[in-house]
Structure formats: C-alpha cells, structure tokens
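Letter by letter, the chains look like this.
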Amino acid sequence: MTIESLVWFIPLPPLLAFFIIILITNRWKRASHVIAIGAAMLSWLASMAIYWYANQVEHLGEHPISSSIPWLPIGDTWLTVGVQIDPLAAVTLFFVAWTVLMIFIYSVGYHNYGQPKGDHDRPGIPPHGATISDVQGHMHKVPSIEPMYSRFFAFIGLFAFGMYLLVISDNLLTLFIGWEIMGLCSYLLIGFWYAKLSARAAMIKAFLTTRVGDVFMLLGIAYLYSVTGTLNYRDILHNPEVLHELGTTASGFLGLSVAGLVGLLLFIGAVGKSAQWPLHVWLPDAMEGPTPVSAMIHAATMVSAGVYLTLRIFPLLATGMEHGHLTPTMQVVAFIGAFTALFAATIAIAQNDIKRVLAYSTISQLGFMFAAIGIGAYIAAAFHLVMHAFFKALLFLGSGSVIHGVEHGVFHTGENVDPQDMFNMGGLRKKMPITFITFLIGGLALAGFPLITAGFWSKDEIFADAFGHNHTAVFITLALAALLTAYYTMRQITLTFLGEPRSKAADHASENVWTMTVPLIILAIFSLVLGWVGIPEDFPVVGNIIPNYAHEFVGETLLVEPKPVTFNFVPLITSIVVSLGGLGLGWLVYRKTKAGAADPQERVLGAVYTLLQNKYYFDELYDFLFVRPAYWVAEKFSYLWMDRKIIDGFLNWIAHLTSLIGNFLRNFIDMPIINGFGDWIGESTKKLSAILRPIQTGRIQQYMILALVTVAGFTALFYYLLVYGR
Amino acid sequence: MVPISWYLIFAAALFCIGLFGVLARKNAIAILMGIELMLNAVNINLVAFWRYGTPRDISGQAFAVMVFAVAAAEVAVGLALFISVYRRRRTVAADEIDLLKW
Amino acid sequence: MTIDQILFILVAAATLGAALLVVTSRNLIHAALWLIVSLFGISIFYVFLNAGFLAVVQVVVYIGAIAILMIFAIMLTRRVADTPGPRFNSNWIWAVLISVVLFGTISWIISSWPGINGTKPGLVEAFDPVQKLGVALVSPEAYVIPFELASVLLLAALIGAIIVAWERE
C-alpha cells in the first residue's frame, strides 16, 4: 500500500462504522462502541503514520503527499478530486486524530455503558436514572445507560468521516462536502435528545445560522471556480501567477479584488461555522447536546474547520499585501476576530452554566485565531489552533466529567438541582481529584499560564506578532480579551472545584470510570508539553533548546515562508501580566462564595451584568429582525396567500373549468350524438327485424313459394342479362 | 308417331300440377300426393328420353328404377313422420305445424 | 292424327284430369283414389314407351304400396267427426302463379329445342328391355352399386320409419 492510498483510507473506517452501526448493530451497544472505537483507532493509526511520514519528507510544502482522480466530467475537462497532505494538513490531522479518539473513548463512560436501563428512559430524552436495590435492600437511584447509545456512536462516526475528509482533501469542493457533512452531524447531535424542546430549537438554530454562512461560502466557491476554472489548492493557492491575477483583477464589488472578494465570501462561511460575531448565536445553544458532542464538534474539530479553511485560503487573503500593509479582507478578518474575542469574553464572565462559559470561551479563542490570521500571523494562528483543540477538548470533557459526578450526587441525594450550574458546585477537588487536576491544567493552558502550558506559547506568539507588526488596536483588544479569559477561567475553576460544596449533590459527587478519566489525562499531558514545539528561537533562556518546529514545519505550507518576528519584551510582559492577573483576580473574587449567594459581579457591575448575562440581547434582536419576519412570510404570505389563495385557487379554477367542459361534452356531444347514435342503431335494428321477422312463419309451404319465386326472378334476370341482352 | 315434345309437355304439366298441390294444399298427406305426382312426371321424362334417345342403352330405365326406390322410401318415412306429428299435435295441416315460427 | 296420337291424348287428358282432381279434392280419400287413377295412367304411358317392366312395377309399387300406404296414413290421421276444412292454404294464388309460370317456361324452352319433333327410332326385333334391365342392375360394369345402395336406402327408410312412428309408452 502506498502512502497516498493510506491517506485515502483515513476517513473510511468511521464511515464504515456509521453504516455498520446503523444497519446492523444498532441493538447491541457493546458491538456498536467496539466498532466505532475500532474505527477511530484505525483512523488514528493511519493519521499518525501519515504524520510521521510527513515529517520525514524534505520540504513537504513543495512536495505534499498527494493523489487525485478525475471525478466529474465538465465539458472538455475533468474535475479532479483528491487528497493532499501538506504541513498544515499534517498538523491538523494530528490533533483531529487524537481528539476524535479521546472523545470516542470518553463517550463510552459518559453514556453510562454498563449501567442498568433507566426507569422511565425512552429514546429521545436524556437518561434519568435507574432504581436498584443493594445487598441491604435499600433502593438507590443510579445513572442509567443512554437508550440511544448506538445511534450516538453512529453519528459521531459519520462526523469523524466528515472532518477527516475536510482535512485530507486537496480542493475546495470536497472540503465543502466534509463541511456540510459535519454541519449535518452537528444538527443531529445537538438535537440528540430530540424529545427536549430546547434541544430541538437549538439544533434548528445551529443549522440555520451556519447555513447563512454556508450560502456565502458556496457563492465564494462558485465565483472562484468561474474565474479560475479550478478549485484545486495547488492550482490556485500555491500558484503565484494565479494569485497575482486574482489579486489584481477588480471584482467590481465594494472595490475589492477578485481574491479579496472570494476570500471575504469564504471567510463568511468560516464566520458561520466558527461562531464568530455576528453568527455566534448558535454555539452557546449547541450546549444542549451531550458533552462529548460539545467537546468534539463545538470545541476541537468542527469550529476549528472554519479556522482551517481561513488558514488554507490565506494566500488568497494575503495576496496584494505589501510590506505588512493589510488587504481589505484581512482587515475585515482581523476586526471580526478581535471584536469577537473581546465580545465573547465579556459574556463569558457572566454565565453560570459550566458549559456555556466554555462555549463563549471557544468563540473568544477562535476570535484570537482569526485576528491572528487577519494580521498575517499565519504560524501563530495555526499553532494556537492545534493547542486550543487539545485544551478546549480537555476542558469540555472535564466539564462533562464534573456534570456526571454532580448528577451522581443528584441521584444519590434526590436533590433537585441543575447539575450544570456552577453555583451549585464547589469543593469538587476532593471528590473528583483526577478531573480537578486535568481541568486545572486545561484551564491554566486556556489562561496562558506562563512557560509550562501550551496555551501560553501559542497566545504569546499571537501577541508578539500583533505588537511586532504594529497592529496596536488588535494587540490591545486581544490583551483585554486574554485578561478576561484568565479571569473567567479562574472563576470557573474556583466555583466548581475550590471552596466547600454548595449543595448536597456536590457533596455526594464521585469520580468517574476510567473510560472518562484516561482521555482527560492524555489530553492534559498534551496541553502541558505540546506548546514547547513552538518556542521562538530568540526567547530568553529557553529559546533555541528545541528548534521552533511550528515555524519550520508549518511555515513551509506557504509559498513565502513567514519570517519569525524578533523578540520583544513588551508582548511577553503583557501576556504574563494578563494571565496571572486574571487568574488571581478570579480566585480572589470567588474563593469565598457560599451556597445560595448571588454572583458578586452583580453588585459591582449592576445593569452591565444583566446585559452580559443576557448575551447583549443578540438572540432577541435576531428573533425580532429575522425569525419573526420569516415566520410571517412563511405563514401569512407563502402559505395563506400564495399557496392557498393563488395556487390552490388557480388549481380549483382549472378543476372547475374542466368539469364545465366535461359536462358540456357529456350533455351536448356524448349523450345525444354518440349515445344517440348507438341507441339509434339498436332501435333501428330492432325495428328492421320486427319488419322482417314475419317472414319466418314456420310454414314450409310459404318458404318453398318464396324460394321458387326468387329463383324464377333470378332466372329471368340472368336470362335477360346473359342471353337476351347479348 | 307421337313426337317427344308431347311427352315432355305432358310431363311438365303433370309436374306443375304436382307443384301446385305441394304449395297450396293444407293437409300434409295431400302435399305428399303432390310430391308423388312430381316424381312420376320426372319418371315419364326419363323414360321418354330413354326411348327416343338411346333405347339400346338401358341406363334410362335403370335410373327410373332408382327413382322408384327413392320415392318409395321417401313416402314411407314421410308418412311415418306425419303419423308421429299427428300423435303429438293432433293435426296434419301444414300451416299448423309452425314451431319454427319466430 | 294417327291412332298413337289419339290414344296418347286420351290417356294424357285422363291422367292430367285425375291429377287436377288429386290436388283439388276436399275429401282426402277421394284425392287418394284419384291419385291411383293418375298413377294408373302413368303406367299406361310406360307401356306406350316400351317399358313394360316399369309399367308393372308402377302398378305394384306405386299403386299397390304407396297409394295404399297413403290411405292408411289418411285413416290414421283423421280426426273423428271432422268436417274437411279448407283445401288450400292462404298462399294458393302464388302457387297457381308459380305453376303456370313454370309450365310456361318449360314449354317455351322445349319448343325452342331443335330436337322437338324427334320421332321414335325403330326398335330391333326381339327387343327385350327386361332382360337388359336385369343384367344392368346386377352387373358390376353397370349399375350394381346404385342398386345395392338403393337397397341400403330402403333398409334405412324401413328402420327409420319404424322408429319415427314408434309409439312411446
């Protein structure tokens, strides 16, 4: 098997797992998860093999591992689709494979494999616990197994297929196919517990919002295809002549060049998929799905796809960039990224649900990455993408572990509290130590704790680039966002793990099974050490010990390798200050929070706190601007007026006209003429026969007379004709 | 010295009288009598032609003998039929035997 | 007018007269008796035509068997206390018409035939048609097959008549 066919193989095991589970093993839970995890493991193995191989190749950016087939005949030529592993794809493949595998394993424990079936559990509602009796005959309520267990694994298998397809593809078309498959799976998985009204609303909201972005993305793809005649990365993004051509031709729209317009349209697709402002509204609601879904789709992989796409089309965005002067599209990207980073961070500090904080945190961190791309810091953005995937997945899985543990406490005590509200938790560091340590590591990485966490190195890279290229506004915005990030992270950790339990359920929480904790540990290790591959070479003390793999390897993806920015103390100091400062502030404010106490921020911020907690009322705004008019159009206009009155009316009129014509034809043509003719024939035959019938008298003498008269007549006739007339 | 034409005309007359009897008489047995007359007229014709045509060749007489036989057979069966009909219908008037009427 | 012709005319008139009376008699027995008379006249004609055997056969078969049979039939199909009904059916005019037309046609055809006035050829002395007839009827080169068939026919008629007239209990 050649290395290229191994690349083709990578997405296939999860797809096969999807089909096998759906068609065959849906009833057998163990078989389903074995198949799914087996598939994830196969893909992981293949990905690691490819990654290892890719690192052996000299100048992978010049000679990526690629293979393509002609797929669609179009006119004279063929549309070719294929695979391409260049450095960017290789590192993306690395983190996708790891996070997917970890989350698959985690799902086994999360969905309570091995637990008894629930008392009132039905497919479509979250499991509500089973009552069992122990040796002494006491009735306990314990967590119950998810009824739709196999279905979950089938869907995440399909999702994994979509993500792998997106990563390995060498053209925008198959990328878009993978993109849309992931959108579908996101829809299906957010609404996994479809009997919950909130879940159904959230799934539709997610799908429609990302659809808005996807429409623009498709426009961008179509426009690009119509201008260049191809969608292949190599032909467009790695081709200086094409890039120059696209960059200098005016598109006639908003004064942008063709490259700029295409980049902008594709970026809008990324805005939708990565939940940036203004299309951010779906991601917090997407937390309705099970936590592994939140971790995989809405933290590590699907939302990363938007960043991946933007990184991919970076040459299109950056063409025309001279001496660090950003192109208009890049300015838009940087603005949206920076704005979203700060915007989401401000909302995150006022959220009480453990998963919502992380959701807004994801939006904010993606904003960091887009801001980095926007200012041209390609390596920094890619670096942060990979790091963020690991620690965000870790944080989400950790939060899932916390929720699981508190739910266990809820079942045990029978207390009716929301297991996801951080104000009902506290003191969990004693009850769930592994979860605590790993969550702490992840949180510190997110906050950018200096030197030892991965997040520090990647965020520092972004700051250094922003400062070094004099993008001051972006630098200050991102610094503020980083401060808030550290603050709300520590707020979250303090409320959840430190202090004393604020509810009986938290008091009775317990640690989870190994299938849930082992992935946490593995991801935590990555979050600690992975950052060291990106230490800048001229960093004081620790620079130059390890080569800057991020720059050297990932940088080869572009035609022109970006130069690393020279070291400056300002961004470093800023990064350390905001990180430690935010962490400390968060701990100070929340370390003494008691049960039933209100959030101290309420008192300090007052009305601003309400604004933040209600997410700046964007949902209500969109509802007013878009959703209600859409409903109005659907109901009053399309349905009642167009459909019922006009279309149905027209059809009814045609039916009426047809029946008029029919009646006319029947009464004036069919009955008199045709029926009449038929009847006339019958009647006249009867009359004729009545006239002729008396000939048959039954008396043979009359017959004989008749015969003889006839013979005499004929004889005379023949005689006259033949003899006499001669 | 009798020309053949006399015999032929005589046979024709007899034939026509017999035909009249067949067509016009009501009683079935009277019809049979008419048929007999017709057959006899035919016989006369045959024998006349034999005598005046080829008296050495006896075929004419042989033919006439056959006609006798046939006529006898036919009368026997016909009368048997009339007797059978009479038993059923109590009549031998030809125009009352009209079951084949429409 | 030779004696042949006079005799011929006399016998012909008698036969035709009797025939007319056959077809117009009201009383069926009278009709049968007149039939016997006309059959007798026919047999005289056979004698005139040197067909002596036929003349005797005529008397024996026709008069002796057939006419007697008819009288039997008349007796068997007579309703007691029956006034003879009308002789003719409703179409007798047509019958008259047809007979007359037919007679006229035949006569006209005969008169336009060239051999109309052919006379009898002379007879060879010791002319014995009976022996010749007998030989002809049983000789295989002559008419034995029709003869045998005629006997079969008579057998069939015999059996058939018996069966048709069989009285069912």
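Predicted model only: the values in this text are computed from it and were never measured. (Residues numbered from 1 in each chain as written. Chains lettered and ligands numbered in written order. Predicted model: local features only at pLDDT ≥ 70, side-chain atom pairs only at ≥ 80, totals over all residues.)

### Remarks on the overall build of chain C
Assigned secondary structure in chain C consists of six helices and zero strands. Counting helices and strands in the order they occur from the N terminus, chain C gives α-α-α-α-α-α. A buried classification covers 25% of the 169 residues belonging to chain C. In chain C, of all internal contacts separated by at least 6 residues, the share reaching a separation of at least 24 is 48%. (Helix = DSSP H or I, 4+ residues; strand = E, 2+ residues; numbered from the N terminus. Buried ≥ 20, exposed ≤ 12 C-beta atoms within 10 Å, placed from the backbone. Contact = placed C-beta atoms within 7 Å.)

### Details of the environment of Met387 of chain A
Residues and elements named next belong to chain A. Relative to the elements of secondary structure, Met387 occurs in helix α17 (residues 378–413). As a C-alpha pair, Met387 and Ser527 span 140 residues in sequence and 6.9 Å in three-dimensional space. If near-sequence neighbours (up to four positions away) are discounted, Met387 is found in contact with Ala454, Gly455, Ser458, Leu530 and Gly531.

### Quick notes on unusual backbone geometry
Across the junction of Trp277 of chain A and Pro278 of chain A, the peptide omega takes the value 0°, indicating a cis bond. In this fold, Pro278 of chain A is placed in the loop between α10 (258–273) and α11 (282–285). Positive phi values are uncommon outside glycine, yet Ala275 of chain A reaches one of about 55°. At Asn50 of chain C, a position not held by glycine, the phi torsion is positive, near 55°. Its location among the elements puts Asn50 of chain C in the loop between α2 (28–48) and α3 (52–76).

### As for the environment of Val22 of chain B
With respect to the element layout, Val22 of chain B can be found in helix α1 (residues 4–24). Along the backbone, Val22 of chain B and Gly34 of chain B are 12 residues apart, and their C-alpha atoms lie at a distance of 5.2 Å. Setting aside anything within four residues of it in sequence, one finds Val22 of chain B in contact with Met704 of chain A together with Ile31, Gly34 and Ile35 of chain B.

### What to know about the interface of chain B and chain C
How big an interface is tends to be reported as the loss of accessible area on association of its parts. The interface is formed by 60 residues belonging to chain B together with 71 residues belonging to chain C. For the side of chain B that touches chain C, the element with the most residues is helix α3 (residues 59–89) of chain B, which contributes 20 residues. Considered class by class, the residues forming the side of chain B that touches chain C number 48 nonpolar, seven polar and five charged. (Nonpolar A, V, L, I, M, F, W, Y, C, P; charged D, E, K, R; others polar.)

### Things to note about the pairing of strand β2 (residues 77–85) of chain A
Residue and element names in this part refer to chain A. In terms of strand pairing, strand β1 (residues 65–74) meets β2 through nine bridges, oriented antiparallel. The residue of β2 that forms the bridge with Ile65 is Ile85. What sits between β1 and β2 in their antiparallel hairpin is a turn of two residues, with Gly75 showing a positive phi close to 60°. (Pairing = 2+ DSSP bridges.)

### Considerations on the nonpolar core
Within soluble globular proteins, side chains that are nonpolar tend to cluster in buried spots. Judged by nonpolar contacts, the single largest core of 222 residues is most densely connected at Ala371, Ala372, Ala381, Ala382, Phe390, Ala393 and Leu478 of chain A. By residue number, the principal contributor to this core is α17 of chain A, which donates 22 residues. If sequence neighbours within four positions are ignored, Ala382 of chain A has contacts with Leu88, Val91, Leu311 and Val554 of chain A. Within the second largest apolar cluster, 81 residues are counted, among which are Val23, Leu35, Met70 and Tyr143 of chain C. (Core = buried A, V, L, I, M, F, W, Y, C linked by C-beta atoms within 7 Å.)

### As for the packing of helix α13 (residues 302–312) of chain A against helix α16 (residues 354–374) of chain A
Residues and elements named next belong to chain A. The interhelical angle for the contact between α13 and α16, taken along N-to-C directions, is 0°, at an axis separation of 10 Å. Classified by the angle between their axes, α13 and α16 sit roughly parallel to one another. Here Val303, Val307, Thr310 and Leu311 of α13 lie close against α16, whose contacting residues are Thr362, Leu366, Met369, Phe370 and Ile373. Residues of the contact of α13 with α16, tallied by class, amount to seven nonpolar, two polar and no charged. (Axes fitted to C-alpha atoms, helices over the stretch in contact; angles between N-to-C directions. Parallel < 35°, antiparallel > 145°, perpendicular 65-115°, else oblique.)

### Quick notes on helix α1 (residues 3–24) of chain C
Its 22 residues give α1 of chain C an end-to-end C-alpha distance of 32 Å, which sits within 8% of 32 Å, the value for a rise of 1.5 Å per residue. All of the buried residues along α1 of chain C are Ala12, Thr15, Ala18, Ala19, Val22 and Val23 of chain C. Seen from one end, α1 of chain C has its buried residues packed into an arc of 135°, which puts them on one side. Exposed and facing more than 90 degrees away from the buried side of α1 of chain C are Ile3, Ile6, Leu10 and Ala13 of chain C. At its buried positions, α1 of chain C is contacted by α1 and α2 (28–53) of chain B together with α2 of chain C. (Expected span 1.5 Å × (residues − 1). Arc of directions from axis to C-beta.)

### Here's the deal with helix α7 (residues 197–228) of chain A
Residue and element names in this part refer to chain A. Taking 1.5 Å per residue as the helical rise, α7 with its 32 residues ought to reach 46 Å, and the 46 Å between its terminal C-alpha atoms agrees with that figure. Along α7, the helix axis deviates most sharply at Val212, where the bend reaches about 25°. Every buried residue belonging to α7 is among Ala199, Ala202, Met203, Lys205, Ala206, Thr209, Thr210, Gly213, Met217, Gly220, Ile221 and Leu224, and all of these are buried. For α7, the secondary structure elements touched by its buried residues are α6 (172–190), α10 and α11. After α7 finishes, the residue Gly229 shows a positive phi value of roughly 80°. (Bend = angle between axes of the 7 residues up to and from the residue.)

### A few points about the interface of chain A and chain B
Between chain A and chain B, the residue contacts involve nine residues of the former and nine residues of the latter. When grouped by side-chain class, the residues that make up the side of chain A that touches chain B number three nonpolar, four polar and two charged.

### Some points on the pairing of strand β4 (residues 139–142) of chain A
All names here are of chain A. Inspection of the sheet shows strand β3 (residues 130–133) paired to β4 by four bridges, in the antiparallel sense. Note on β4: the bridge partner recorded for Ser133 is Met139. Hairpin remark: β3 followed by β4, antiparallel, with five residues in the connecting loop; positive phi at Gly137, about 90°.

### Quick look at the confidence of the model for chain C
Predicted confidence across chain C gives a mean pLDDT of 86, with 89% of residues reaching 70 or more. With a pTM of 0.67, the predicted complex shows an ipTM of 0.90. (pLDDT = per-residue confidence, 0-100.)

### A look at the packing of α17 of chain A against helix α20 (residues 454–468) of chain A
Residue and element names in this part refer to chain A. The interhelical angle for the contact between α17 and α20, taken along N-to-C directions, is 155°, at an axis separation of 9 Å. Judged by the inter-axis angle, α17 sits roughly antiparallel to α20. For the pair α17 and α20, the sense of crossing is left-handed. In this structure, α17 uses Ala380, Phe383, His384, Met387, Phe390 and Phe391 to contact α20, whose residues at the interface are Ala454, Gly455, Ser458, Lys459, Glu461, Ile462 and Asp465. Here the residues of the contact of α17 with α20 sort into seven nonpolar, three polar and three charged. (Left-handed = near helix turned anticlockwise from the far one by under 90°.)

### Side note on the environment of Ala39 of chain A
Residue and element names in this part refer to chain A. Along the chain, Ala39 turns up in helix α3 (residues 29–56). Under the C-beta neighbour-count criterion, Ala39 is labelled buried, with 26 such atoms within 10 Å. Note: C-alpha distance between Ala39 and Phe18 (21 residues apart in sequence) is 9.5 Å. Not counting residues within four places of it along the chain, the set of residues in contact with Ala39 comprises Pro13, Pro14, Leu16, Ala17 and Gly157.

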